[in-house]
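Spelled out, the chains give:
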Amino acid sequence: MKITSKTWLALLGGLAWADAFAATADFDPATNTVTIHAVDLVDAEGRIATYNVTLALVQTSPAIELVLTGASQVPTSQGVRAYFDATTQEAFIPTVNVGGQEFAANLALIPGTNPLRFRVTNLHPATFSGCPGFSRPLGGNACLLQGEIKQSLTLTNDTTWVLSGGVFFGGDNTDPVTVTIEPGTKILGQQGADFFYVRRGSKIKAVGSPSQPIVFTGPSEKTPGEWGGLVLAGNAPVNGCNAGVPLCQQFDEAMLTPYGGNNPHDDSGVLKYVQIRFAGIVVRPDQELNGLTLLGVGDGTTIDYVQVYRGADDGIEMFGGTVRVRHVIMQEGEDDGLDWGQGWTGAAQHVLVIEGPNSDRCVEADNNEDNFDSQPRSKPRIANLTCLSPGRSGSQGAELRRGTGANIHNSIFKDIPTCLRISDAATFANAGAPGALTGQLTLDHSYAFNCQFKDGAGATFSVADWFQSQPGNVVGDPQLDGFMPLPGSPVLTGAGQVPDPWFTPTPYIGAFGQHNWAQGWTFGL
């Protein structure tokens, strides 16, 4: 039985409020119980409920197991808290006090247990005790990562992990590994050529928490492009392959490493509550690393609550694949916020792009730059996007071009010189025409305000007519305070239904309703 956050709330019950606690747990040897003072559970809308939980020790061999004996809801404090993740079905406890010594612990839910039972899967001292063998000491609590790493490992939050050059995890569909990253861990790139790359067949398990996000950043944390970025490569389909080639793959533009394949459900792991700051480099002209580069990544991958802050290139770029992302923020990058091409057919919901003074577009959407009609054609489904700009001359909300398809729902484009532009004859042909749309390129139940529609090269219809011909679209003020709707805002209601069960139904238009899911775990918001 998979326990969702909603199920957890029902099972835990109890509404007895108590004083806020620090994010620690205590083991009492007299009663063989563990008390977790504050553990967060997060629902589909990003709302946090925090509980005081008691677990009883029931087994020590061959593994330590504990059973849930009590829980009561407590206020969510500002301090560090434990966290149960519904995707991985695991809890992370930052510090457990055992006889005066503090340990960090992971507890995995044992499926099908009632009352809920957990197995301790990782237990280690919560203070730095030296660099493990896969790394090199740098002094203090810093450890260096470099070259190829072909063993599964855990990056703990008592250490600052420093990248030297390209750090590759696993071989290309050989020597598969899982790199696990604890909540609160900091990974530091020293310069532009440093990047973190998870190859095809391997996985990342980077699960932060609302109070302890995982941070990838540069040395000074002041300017874009201080280090390379985070790259995941997968085995999901991409376009542009030669007919009859059994393995459909491409080579990425920056490092010429392979990606893609024939498995749409490929799993590259989990990214949750992750910040990626000051990343992005130009490897060669028009060949860049982004904050988060997703190369043929499949929909078995979970990407949720990820912020890319002030990157030198795109925030998140999909090169084909079927990956689906939720609760993502791209802020003040120097190129595009959300960029796709090479036949991306995934999905995204709850997307916030805030352009900076040097940004180019909120969304840059391509199919294939060499063959606009290459198959599989890019056709993601996007819902609850908010695109905001300081109004820099030439910046755009969404540029839909090079034959792309897309179904965009319940979105906001505000304060941008050009809110929407469609370019290239192949893109117009893929869309159809106002009143006779093919369904391949649509945008409905959305707002455009203080911006212009533009017709790009090869236009066969007016983009303004295309927007206004579709249901629920409004040229008008969404009434926002920053990125949040004001009380009484028209975008708090009026959303259209998204015909895909992966999407969480929302009554509101844009990335946010009345709850700010970005609060607490993000940087610079």
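Our subject in this report is the structure included herewith.

Conventions and cut-offs
- Residues numbered from 1 in each chain as written.
- Predicted model: local features only at pLDDT ≥ 70, side-chain atom pairs only at ≥ 80, totals over all residues.
- Heavy atoms only, no water.
- Disulfide = S-S within 2.5 Å.
- Helix = DSSP H or I, 4+ residues; strand = E, 2+ residues; numbered from the N terminus.
- Buried < 20%, exposed > 50% of the residue type's maximum accessible area, 1.4 Å probe, protein only.
- Contact = heavy atoms within 4.5 Å.

1. As for the state of the cysteines
Part 1 of the reasoning: A full pass over the atoms with the stated rule returns two disulfides.
Part 2 of the reasoning: The disulfide that involves Cys131 links it to Cys143, with 2.0 Å between the sulfurs. What sets the handedness of the Cys131 and Cys143 disulfide is the S-S torsion sign, and at about -95° it is left-handed. Taken as a pair, Cys131 in the loop between strand 8 (117–125) and strand 9 (136–139) and Cys143 in strand 10 (residues 142–149) lie far apart in primary sequence, twelve residues in all.
Part 3 of the reasoning: The class of Cys143 is buried, set by a relative accessible area of 0%.
Part 4 of the reasoning: One disulfide in the model links Cys362 with Cys387; its S-S distance is 1.9 Å. Disulfide Cys362-Cys387: torsion about the S-S bond near 85°, hence right-handed. In this pair, Cys362 sits in strand 30 (residues 361–365) while Cys387 sits in strand 31 (residues 381–388), placing the two residues 25 residues apart along the sequence.

2. Regarding the environment of Ile204
Part 1 of the reasoning: Position of Ile204 relative to the elements: it lies in strand 16 (residues 203–207).
Part 2 of the reasoning: On the basis of relative accessible area, Ile204 is assigned to the buried category, the value being 1%.
Part 3 of the reasoning: Separated by 67 residues in sequence, Ile204 and Leu271 place their C-alpha atoms 7.4 Å apart.
Part 4 of the reasoning: Aside from chain neighbours lying at most four places away, what touches Ile204 is Val179, Ile181, Phe196, Val198, Leu230, Leu232, Ser268, Gly269, Val270 and Leu271.

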